[in-house]
Amino acid sequence: MMWEAYKTKDEFKDNCQCWYQILDFVKSIEDTDTRWYFDICYNHYPEKRYSTIFKSYNTEEYKDYVLSVEAKFDEELRKYEFRVVKKVDNL
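In this text, all values refer to a predicted model and were calculated from it rather than measured experimentally. (Residues numbered from 1 in each chain as written. Predicted model: local features only at pLDDT ≥ 70, side-chain atom pairs only at ≥ 80, totals over all residues. Heavy atoms only, no water.)

A.B. asks: Can you walk me through the environment of Ile29 in this structure?
C.D. replies: Relative to the helices and strands, Ile29 resides in the loop between helix H2 (19-28) and strand E2 (37-45). A relative accessible area of 12% means that Ile29 is categorised as buried. The spacing of Ile29 and Glu60 is 31 residues in sequence and 23 Å in space, taken between C-alpha atoms. Not counting the four nearest positions on each side in its chain, Ile29 is found in contact with Leu67, Val84 and Lys87. (Helix = DSSP H or I, 4+ residues; strand = E, 2+ residues; numbered from the N terminus. Buried < 20%, exposed > 50% of the residue type's maximum accessible area, 1.4 Å probe, protein only. Contact = heavy atoms within 4.5 Å.)

Below, the structure is given as structure tokens:
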């Protein structure tokens, strides 16, 4: 498997084909009690799949909160499909 990691938000925006859609998907998650911030994104090519990890506030009470989102290109639909892989928060 071939992959590369985007460690900054600028790298993420410059290299991820669906970065804006991923951020919109994260904003649309209603069953959460926190705000999510980009941490790292892995591009799994040639699968056309991105795994993006978000963290919450950098305080003691939120330190273990994590959100992992996968965006995978569906060839039939010709668009990216999004799903939450893991979500650890207070809800």
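A.B. asks: In this structure, what is going on with the pattern of salt bridges? I would like to understand it.
C.D. replies: Should their charged atoms come close, side chains of opposite charge can pair. Applying the stated criterion across every chain yields a total of ten salt bridges. Here Lys87 ties to Asp31 by a salt bridge, and the two come within 4.0 Å at their closest N and O atoms. A residue pair is termed long-range when its members are at least 10 positions apart, and Lys87 in strand E5 (residues 79-88) and Asp31 in the loop between H2 and E2 qualify at 56 residues. Residue classification places Lys87 among the partly exposed positions, given a relative accessible area of 25%. Put simply, Glu60 and Lys63 hold a salt bridge, and the shortest N to O gap is 3.4 Å. Put simply, Glu47, Arg49, Glu70 and Arg83 are held in one network by salt bridges that share partners. (Salt bridge = Lys/Arg side-chain N within 4 Å of Asp/Glu carboxyl O.)

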